[in-house]
Amino acid sequence: MQIEDKTRPPRQGEELDVVALRNYLASTAPEAAGDIQIEQFPSGHSNLTYLLRIDGHEWVLRRPPFGAKIATAHDMGREFRILSKLHKVYPQAPRPLVYEESGDVLGAPFYIMQRIKGLILRKDLPDGFDLTPEQVHAMGMSFIDNLAAIHKLDYEAAGLGDLGKPAGYVERQVTGWTKRYFNSKTDEIPAVEQVAEWLAARIPGDTGAALIHNDYKYDNIVLDPRDPTKVIGVLDWEMSTIGDPLMDLGTALGYWVQTDDSAEMQMVKFVPTNIPGSPTRRELAERYAELTGADISRLDFYYAFALFKTAVVAQQIYHRYKQGHTKDERFAMMIMGVHVLANEAWRVAQESGL
């Protein structure tokens, strides 16, 4: 049974220079020196991720997408520095190996880290990997317990205190993501702009400061295949910062499509959160509040913002596809996701009572 992520040859236009990479590693990272076989992880929509097989060992290389213009969203050095400090206090974060800043080797900055091997849940459970409803429920609870644990980390002691500016974080996020939408707008989608206005008029005060992941969902965590209720790795820290933890909770819930959501939302689900036994978003939020003491009375704001943000991310990806910066055909239908997510966010806003 295939549990670990499948890889494939790099997509056309996303190949890496094997000779240049081998020469670079030979001179800078003897631990990873040797003949290299390169494959690509086909999942993910942001930074490109490659598997390096080097003399019986496996490493992961991450670099920005070709043609990317959004520097802050693809800052390889920032992600490398975060992992360098975070791994010491939170071993579920991958151990980073080396960072190449100049772009001279592969045409863009990149970093290499250890591969954490285990079960990563994508859109559906792996074939033949059957879980009871009780196991599925426990897996969901472990998922949210781990998010609470991340938020409880002493980020100052870890040396990550300068990672972000928590004061005014929510307002900056609403303003920033609204601007990103208009900078990448291609179609008229009224719901996006309606939600942006609704959010801007209801920005809550800061609820605290924590290290937040900012993209926390099943396919960014690694589970123990022998016990899928155990989180053994958390990946993709590229957007992590110091900010309001309820925004991070909202992001996690924004990816959590449950069984009673609309057919349209079922079509855009990222991960298997609607299988029998899965906790509801309300159950997850209440568990989080129990563990952290957080006030979740304004949860609809954070959930609607998460849907809005994901709609904007889909819009940015679609814009990049339309501009010809990627040939990944998965991106051709992204505009439909913008419609679905924005409509759902507007429904939540209208029914929230906030």
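About the criteria used
- Residues numbered from 1 in each chain as written.
- Predicted model: local features only at pLDDT ≥ 70, side-chain atom pairs only at ≥ 80, totals over all residues.
- Heavy atoms only, no water.
- Helix = DSSP H or I, 4+ residues; strand = E, 2+ residues; numbered from the N terminus.
- Rg over C-alpha atoms; globule rule 2.2 N^0.38 Å.
- Buried < 20%, exposed > 50% of the residue type's maximum accessible area, 1.4 Å probe, protein only.
- Axes fitted to C-alpha atoms, helices over the stretch in contact; angles between N-to-C directions.
- Parallel < 35°, antiparallel > 145°, perpendicular 65-115°, else oblique.
- Left-handed = near helix turned anticlockwise from the far one by under 90°.
- Contact = heavy atoms within 4.5 Å.
- Nonpolar A, V, L, I, M, F, W, Y, C, P; charged D, E, K, R; others polar.
- Salt bridge = Lys/Arg side-chain N within 4 Å of Asp/Glu carboxyl O.
- Pairing = 2+ DSSP bridges.
- 1 Å grid on protein atoms, 1.4 Å probe; cavity = no way out; pocket = protein on both sides within 12 Å on 5 of 7 lines; lining within 4 Å.
- Points joined across faces, edges and corners; volume = space filled by probe spheres on them.
- Polar contact = N/O pair within 3.5 Å; in protein donor to acceptor, adjacent residues only side chain to side chain.
- Core = buried A, V, L, I, M, F, W, Y, C linked by side-chain atoms within 4.5 Å.
- Expected span 1.5 Å × (residues − 1).

### Quick word on the overall build of the protein chain
1) Next: When you go through the protein chain residue by residue, the secondary structure sums to ten helices and nine strands.
2) Next: The globule rule puts the C-alpha radius of gyration for 354 residues at 20 Å, and the 20 Å found for the protein chain is close to it.
3) Next: Dimensions of the protein chain, computed from the C-alpha atoms along their principal axes, are close to 60 × 45 × 45 Å.
4) Next: By the burial criterion, 53% of the 354 residues in the protein chain qualify as buried.

### What about the packing of helix α3 (residues 133-151) against helix α6 (residues 245-254)?
Between two packed helices, both the angle of their axes relative to each other and the distance between the axes serve to describe the pair.
1) Next: Between α3 and α6, the shortest axis-to-axis distance is 11 Å and the interhelical angle comes to 160 degrees. Between α3 and α6, the crossing angle belongs to the class labelled roughly antiparallel. Where α3 crosses over α6, the handedness of that crossing is right-handed. Along the contact surface, α3 presents F143, I144, L147 and H151, while α6 presents P245, D248, L249 and A252.
2) Next: Of the residues in the contact of α3 with α6, the class split is six nonpolar, one polar and one charged.

### Examining the pattern of salt bridges
1) Next: Within this structure, the stated rule accounts for 20 salt bridges.
2) Next: The residue R53 makes a salt bridge to E39 at a minimum N-O spacing of 3.0 Å. Of this pair, R53 sits in strand β2 (residues 48-54) while E39 sits in strand β1 (residues 36-40), and the two are 14 residues apart along the sequence.
3) Next: Given a relative accessible area of 25%, E39 falls into the partly exposed group.
4) Next: For E58, the salt bridge goes to K117, with nearest N and O atoms at 3.7 Å. Separated by 59 residues along the polypeptide, E58 in strand β3 (residues 57-63) and K117 in the loop between β5 (110-114) and α3 bring together distant segments of the chain.
5) Next: The class for E58 is partly exposed, based on a relative accessible area of 22%.
6) Next: Several salt bridges converge on common partners, so that one network encompasses E39, R53, E58, R115 and K117.

### Examining the pairing of β2
1) Next: β2 sits mainly inside the fold: six of its seven residues count as buried.
2) Next: In this structure, β1 lies alongside β2, joined through five bridges in antiparallel fashion. Looking across to β2, one finds that I36 is bridged to I54.
3) Next: Of the strand pairs in this sheet, β2 and β3 are connected by seven bridges, and their pairing is antiparallel. Looking at the pairing, L51 lines up with V60 of β3.
4) Next: Taken together, β2 and the strand that follows it, β3, pair antiparallel across an intervening segment of two residues, in which D55 is found at a positive phi of about 50 degrees.

### Some remarks on the environment of F129
1) Next: Positionally, F129 belongs in the loop between β5 and α3.
2) Next: For F129, a relative accessible area of 9% translates into the label buried.
3) Next: C-alpha separation for the pair F129 and A149, spaced 20 residues apart in sequence, amounts to 27 Å.

### Notes on empty space enclosed by the protein
To find the voids left in a structure, one rolls a probe of water-molecule size over its atoms.
1) Next: With the rule as written, the count across this model stands at two cavities of 30 Å³ or more.
2) Next: Roughly 30 Å³ of volume is contained in the second largest cavity.
3) Next: Around the second largest cavity, the lining residues are G254, Y255, V257, M265, V268, K269, F270 and L341.

### Thoughts on the environment of D295
1) Next: Along the chain, D295 falls in the loop between α8 (281-292) and α9 (299-322).
2) Next: Looking at D295, its side chain comes within polar contact range of the side chain of S297, at 2.9 Å.

### Things to note about the nonpolar core
1) Next: Judged by nonpolar contacts, the single largest core of 90 residues is most densely connected at L86, L211, W237, L249 and F308.
2) Next: Among the elements that take part in this core, α9 stands out by supplying 13 residues, more than any other.
3) Next: Core analysis: the second largest hydrophobic core is formed by 20 residues, L21, I38, W59 and V105 among them.

### Remarks on the sheet that holds β5
1) Next: Taking strand neighbours across the sheet as the criterion, the five strands line up as β1-β2-β3-β5-β4 in an open arrangement whose pairing is antiparallel. Every other strand in the sheet has two partners, leaving β1 and β4 (96-100) as the edge strands with one partner each. Strand after strand, the sheet turns through a mean of 25 degrees between neighbouring axes, direction not considered.
2) Next: Where β4 meets β5, four bridges bridge the pair, whose relative direction is antiparallel.

### A few points about α3
1) Next: Spanning 19 residues, α3 covers 28 Å between terminal C-alpha atoms, matching the ideal 27 Å at 1.5 Å per step.
2) Next: Among the residues of α3, those classed as buried are V136, M139, G140, M141, S142, F143, I144, N146, L147, A148, I150 and H151.
3) Next: The secondary structure elements touched by the buried residues of α3 are β6 (210-212), β7 (221-224), β8 (227-234), α6 and α8.

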